[in-house]
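Chain by chain, the residues:
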Amino acid sequence: MTATTQAQSVSDQAKKLQSSSIVIDTHDDTTQRLLDPSFDITARHSDGNIDIPRMREGGLSAIFFSVWISGKTLGPDAVKQALDQIDAVRETVRKHPDQLLLATTADDIRAARQQKKIAALMGVEGGHMMGNDLAVLRTFGALGVRYMTLTHMENNEWADSSTAKPEHNGLTDFGKQVVLEMNRLGIIVDISHVSDKTFADVLATSKAPVFASHSSCRAICNAARNMTDDMIRQLAAKGGVIQINYHVGFLSQEFRDFEAAHPDVEKEIKAEVDKRCGDNEACKLTAGDHIVREFMEAGKLPKVDWTRIVDHIDHAVKVGGIDHVGLGSDFDGAIMPLGMEDVTHLPQITDALLKKGYSEPDIRKLLGENTLRVLAEVQKVSQSLNK
Ligand SMILES: [Zn+2]
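Now for a description of the structure that goes with this document. Source: prediction; values computed, not measured.

### Describing the overall build of the protein chain
Each helix and strand counted, the protein chain has 16 helices and 9 strands in total. Relative to its length of 387 residues, the protein chain is compact, with a C-alpha radius of gyration of 19 Å against a globular reference of 21 Å. Counting only C-alpha atoms, the protein chain reaches 60 × 45 × 45 Å along its principal axes. For the protein chain, buried positions account for 58% of its 387 residues. Sequence-distant contacts, at least 24 apart, represent 72% of the contacts inside the protein chain between residues at least 6 apart.

In structure tokens:
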């Protein structure tokens, strides 16, 4: 039996804690699959990381569906594609009212739980999708979007990304207006993907706590997408949360170093993905995940174990405090480590935290209470700005 199929044993205490807690994942790319009319989220799938049966098995109470398109698509095309994805999420909820509830507040998430439904929320991953137009941002808000990641991997016209050459020295004046309008609308400012200078400008501008919807710790794995200890401390001082990302390339320095030293392996993976998927983005997102794990198991890549996620959580707690860490898996959009093949494996994290000596109330904070607090705070700031 391989590590991929081996069921991890989880204690009864962890199972009970998981099922009695509000568990929130702030970043899932499953939206790409929702665009495919043949994809049924209520059925259990053998591919991908997320569907309703598996979310229930893993004890996930609330999911942020990421609205994502490449940062290279701009203007009216970007706005249209974002609206199509928002519609896909809303239509999925409309068709399954017995299973899903469209949530925009912390109270909605609690209500969904009372009704034994999964709360569906939305985040727009990349400010380029608002087409430099605050009216589009307001429309996103009206449709239920509750966070916007200011950039994706490219800079846009008003903010620098962590993975592109700086153009604006952080946020432009318009970028600062975007942040303030998000504050007024009650949309959380997401600083995952942005450059360190953009992050600093956001903290100086925002009137509400901000979060990183899917970022890990740079002290453990030196990726520009991860947060330094200083950034984690500043985020915490602002009342925010770092939601730990499970992507192998953000968890493991060994994996990153190997990839950098062996560009041929990356080419081989890309060729295999293209062979299996062609132009189908949803297929690419899930196939890449699968192929890399096949390569890890075959010894072609360093093995990254799911317990690395717990290392990042523990580090972020030590640096930023127990009130400022959460979960932002990047399921269906990244390469999951061995043992975290899908959302059903989530209770292992709870189990590992218990074994590390974390108390049950503290684990509840990490699983979802911290994110509920940020949602409520951002809503409160919005209400006061609209007075
Ligand atoms: Zn991302």
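Having put the structure on the table, let's press on.
### Considering the side chain of Arg146
Mapped onto the elements of the fold, Arg146 is located in strand β5 (residues 145-149). Notably, Arg146 is buried but unbridged: the nearest opposite-charge side chain belongs to Asp108, and the N-O separation is 7.3 Å. A polar contact of 3.4 Å, which involves the side chain of Arg146, links it to the backbone oxygen of Gly141. Aside from chain neighbours lying at most four places away, what touches Arg146 is Phe64, Thr104, Met122, Gly141, Gly186, Ile187 and Ile188.

### Some words on the state of the cysteines
For the structure shown, the criterion picks out 1 disulfide. Among the cysteines around Cys217, which has no disulfide bond, Cys221 carries the closest sulfur, lying 9.8 Å off.

### Side note on the side chain of Thr371
Topologically, Thr371 is positioned in helix α16 (residues 360-385). By relative accessible area, which is 2% here, Thr371 ends up buried. A polar side-chain atom of Thr371 sits 3.1 Å from a polar atom in the side chain of Gln243. Ignoring any residue separated from it by four or fewer positions in sequence, one finds Thr371 in contact with Ile24, Thr26 and Gln243.

### So, the coordination of the zinc ion
Those protein atoms acting as donors to the zinc ion are Glu125 (OE), His193 (NE2) and His214 (NE2), and they sit at 2.0 to 2.2 Å. On the primary sequence, the residues serving as donors to the zinc ion are separated as E-x67-H-x20-H. Placement of Glu125 in strand β4 (residues 118-125) and of His193 in the loop between β6 (188-190) and α8 (196-205) is noted, with a sequence separation of 68 residues between them. By relative accessible area, which is 5% here, His193 ends up buried.

### Some thoughts on the pattern of salt bridges
In the structure shown here, the tally under the stated rule is 26 salt bridges. The closest approach of N and O atoms between Arg44 and Glu57, which form a salt bridge, is 2.8 Å. Placement of the pair is Arg44 in the loop between α2 (31-34) and α3 (52-58) and Glu57 in helix α3, with a sequence separation of 13 residues. Here Glu91 ties to Arg94 by a salt bridge, and the two come within 2.7 Å at their closest N and O atoms. Highlighted residues: Glu91 and Arg94, both in helix α4 (residues 75-95), separated by 3 residues, approximately one helical turn. Arg94 gets classed as exposed once you look at its relative accessible area, which sits at 53%. Three or more residues are tied together by salt bridges with common partners; here these are Glu272, Lys275, Arg276 and Glu294.

### Observations regarding the environment of Leu100
Counting through the fold element by element, Leu100 comes out in strand β3 (residues 100-102). Using a relative accessible area of 3% as the deciding quantity, one classes Leu100 as buried. C-alpha of Leu100 to C-alpha of Lys117: the two residues are 17 residues apart in sequence and 5.2 Å apart in space. With residues near it in sequence (within four places) discarded, Leu100 still touches Ile52, Thr92, Val93, Lys117 and Ile118.

### Some details on the pairing of strand β1 (residues 24-28)
In terms of burial, β1 is a largely internal element, 5 of the 5 residues being buried. Inspection of the sheet shows β1 paired to strand β2 (residues 62-67) by 3 bridges, in the parallel sense. Across the sheet, the residue bridging to Asp28 is Phe65, located in β2.

### Focus: the nonpolar core
Membership of the largest hydrophobic core comes to 99 residues, with the highest contact counts inside it found for Met148, Leu150, Ile191 and Ile313. Element by element, the count of residues in this core is highest for α4, at 7 residues. Other than its neighbours up to four places away in sequence, Leu150 contacts Gly126, Gly127, His128, Asn156, Trp158, Leu171, Val179, Met182, Val189, Asp190, Val194 and Val202. Ile22, Val241, Leu375 and Val378 belong to the second largest nonpolar core, which has 21 residues in total.

### Here we look at the packing of helix α9 (residues 229-237) against helix α14 (residues 307-320)
Relative orientation of the contacting elements α9 and α14 amounts to 60°, with a least axis distance of 9 Å. The element α9 and its partner α14 pack so that their crossing is right-handed. On α14, the residues that touch Asp229, Ile232, Arg233 and Ala236 of α9 are His315, Ala316, Val319 and Gly320. Considering only residue class, the contact of α9 with α14 consists of 4 nonpolar, 2 polar and 2 charged.

### Structural notes on the environment of Ile63
With respect to the element layout, Ile63 can be found in strand β2. Taking the relative accessible area as the measure of exposure, Ile63 reaches 0% and is therefore buried. For the pair Ile63 and Lys380, spaced 317 residues apart in the sequence, the C-alpha separation amounts to 22 Å. Apart from the residues within four sequence positions on either side, Ile63 is in contact with Asp25, Asp28, Ile50, Met55, Ile118, Ala119, Ala120 and Leu121.

Calculation notes
Residues numbered from 1 in each chain as written. Predicted model: local features only at pLDDT ≥ 70, side-chain atom pairs only at ≥ 80, totals over all residues. Heavy atoms only, no water. Helix = DSSP H or I, 4+ residues; strand = E, 2+ residues; numbered from the N terminus. Rg over C-alpha atoms; globule rule 2.2 N^0.38 Å. Buried < 20%, exposed > 50% of the residue type's maximum accessible area, 1.4 Å probe, protein only. Contact = heavy atoms within 4.5 Å. Lys, Arg positive; Asp, Glu negative; His and termini not counted. Salt bridge = Lys/Arg side-chain N within 4 Å of Asp/Glu carboxyl O. Polar contact = N/O pair within 3.5 Å; in protein donor to acceptor, adjacent residues only side chain to side chain. Disulfide = S-S within 2.5 Å. Donors = N, O, S within 2.8 Å, 3.2 Å for Na, K, Ca; no water. Pairing = 2+ DSSP bridges. Core = buried A, V, L, I, M, F, W, Y, C linked by side-chain atoms within 4.5 Å. Axes fitted to C-alpha atoms, helices over the stretch in contact; angles between N-to-C directions. Left-handed = near helix turned anticlockwise from the far one by under 90°. Nonpolar A, V, L, I, M, F, W, Y, C, P; charged D, E, K, R; others polar.

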